[in-house]
Amino acid sequence: MKKKFLALALTAVMALSLAACGGDTQSTDTDADTSGDESASGSQTYTVGIIQQVQHEALDAATQGFQDALTELLGDSVTIDPQNASGDTANCTTIANNFVSQGVDLIMANGTTALQAAATGTSTIPILGTSITEYGVALGIDGFTGTTGYNVSGTSDLAPLDQQAEMLHTWFPDAQTVGLLYCSAEPNSQYQVDTVQGYLEDLGYTCTQYSFSDSNDLFAVASSACTASDVLYVPTDNTAANNAELIGNISLDTGTPIIAGEEGICKGCGVATLTISYYDIGYKTGEMAYDILVNGADPATMPIEYAPQFTPKYNPTMCEALGLTPPDGYEAIAE
C-alpha cells in the first residue's frame, strides 16, 4: 500500500513540474527581446523613422534616395515613416521623441536641426544623418576625426569650399566685395561662411557676413547684402534653400549675381554652383542603415561618408537675366 501511495505521489509531482516548465516557457517568450519584429513567415521586419528638417529640393532628394535604397535592399521587411518638421525646431524635437517612444529600429535625420533633435532624444536607437555639412560642428564634438563614438553616423553634403571660392573668382575676377548670406540658426552655415571667407580674402576680396535669424528677417537682410555687394555667396543653408526664389528676386532687382553652395539653391537664386547629388548621399545613407539593421554594424565606429564627386553647374535663366556667359565645363541645371 505504501508503494502504491508513493508511486501516485511521484506521478503528481512530475505532472506539477511539467506544468511549471510549460508556464516558464510561455513567460520567457513574452519577455523576449523585441528589437525588430518577427513576421508570420519568421523573417525579421524593421521600422525606420525619418525626420526631415524642411521641405526643399535638396533634402527631398536625399530622403528619396534613402527610401529607395532601403526598399531595394529590404523590400517588404521595412516600414518607413517619413515626417517633415516644416523648418520648425520644436517639430523636430516632437517627431524625434515620438519615434523614440514608438521604439523604432533606426532614425534617419535629414538636416542639422533634425540630427540634433534625434541625438538629444536617444542614446540607444541608431541614428544616421544626411545633408549634414560638418558633424563635429552639428554635434559639438571637439577634435572630430570622422567617427562620433556613440549612436550616430551618416553622410555629409560638404562640397570643397576652397574650390567654391575659386569658382567665384573664375566667374567674377574683377569683383571687389563679396556678401556672405546665411541663417545664423544653422551652425553648419556659420562654419561654411567662416571657412570660405578665408579663401576669398586670400584671393583679394573684401567679405562681409550677412546673417538672418529666420525667414521673417530674410528679405531685409538679403536686400542689404545685395545692395552692398558686387557678388553674393550663399552656402548650403536650409532656410535659404526654402526661400531661394525670394533671394533670387532680390538679386535680380539689384543686379547682384549669387554663387550657391548647392544645386537646389542655385536653381532658385544663383548663377553657378559646385554641387553634389543629394539623392546619392541619401542612397548611401540607406545602405548604411541596412548595414546597421541587418549586419549589426555599430554607428559609433562607422566613418562619416562623403559625396564621391562634385559637378560645376550654372543656372541658364539667372545667367541670361544678368547677362552672364558661363565658363567652359559647366553643366546647365535642368528646368
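Data block above holds the structure.
For the structure given in this document, a descriptive report is provided here. Just so you know, these numbers come straight off a predicted model, no measurement behind them. (Residues numbered from 1 in each chain as written. Predicted model: local features only at pLDDT ≥ 70, side-chain atom pairs only at ≥ 80, totals over all residues. Heavy atoms only, no water.)

Moving on: the pairing of strand E7 (residues 177–183). The element E7 is largely enclosed, with a buried count of 6 among its 7 residues. The pairing of E7 with strand E8 (residues 206–212) spans 7 bridges and is classified as parallel. Paired with Leu-180 across the strands is Gln-209, a residue of E8. A crossover links E7 with its parallel partner E8, the connecting element being helix H7 (residues 187–202), and its sense is right-handed. (Buried < 20%, exposed > 50% of the residue type's maximum accessible area, 1.4 Å probe, protein only. Helix = DSSP H or I, 4+ residues; strand = E, 2+ residues; numbered from the N terminus. Pairing = 2+ DSSP bridges. Right-handed = clockwise from strand over helix to strand, strands pointing away.)

The next thing to look at is the packing of helix H2 (residues 57–74) against helix H12 (residues 278–295). Helices that pack against each other are described as a pair by the angle of their axes relative to one another and the distance between those axes. Running from N to C, H2 and H12 cross one another at 40°; their axes reach a closest spacing of 6 Å. Overall, the two elements H2 and H12 adopt an arrangement that is oblique. Handedness of the crossing formed by H2 with H12: right-handed. Residues Ala-58, Ala-61, Ala-62, Gln-64, Gly-65, Phe-66, Asp-68, Ala-69, Leu-70, Glu-72, Leu-73 and Leu-74 of H2 form the contact with H12, whose participating residues are Tyr-278, Tyr-279, Gly-282, Tyr-283, Thr-285, Gly-286, Glu-287, Ala-289, Tyr-290, Leu-293 and Val-294. Tallied by class, the residues present in the contact of H2 with H12 amount to 15 nonpolar, 5 polar and 3 charged. (Axes fitted to C-alpha atoms, helices over the stretch in contact; angles between N-to-C directions. Parallel < 35°, antiparallel > 145°, perpendicular 65-115°, else oblique. Left-handed = near helix turned anticlockwise from the far one by under 90°. Contact = heavy atoms within 4.5 Å. Nonpolar A, V, L, I, M, F, W, Y, C, P; charged D, E, K, R; others polar.)

Before going further, it helps to examine the nonpolar core. Core analysis: the biggest nonpolar cluster contains 25 residues, and Leu-168, Trp-171, Val-178 and Leu-200 have the highest contact counts within it. Here this core takes 5 residues from helix H6 (residues 161–171), the largest share from any one element. Aside from chain neighbours lying at most four places away, what touches Leu-168 is Val-178, Leu-200, Tyr-205, Val-231, Tyr-233 and Ile-259. (Core = buried A, V, L, I, M, F, W, Y, C linked by side-chain atoms within 4.5 Å.)

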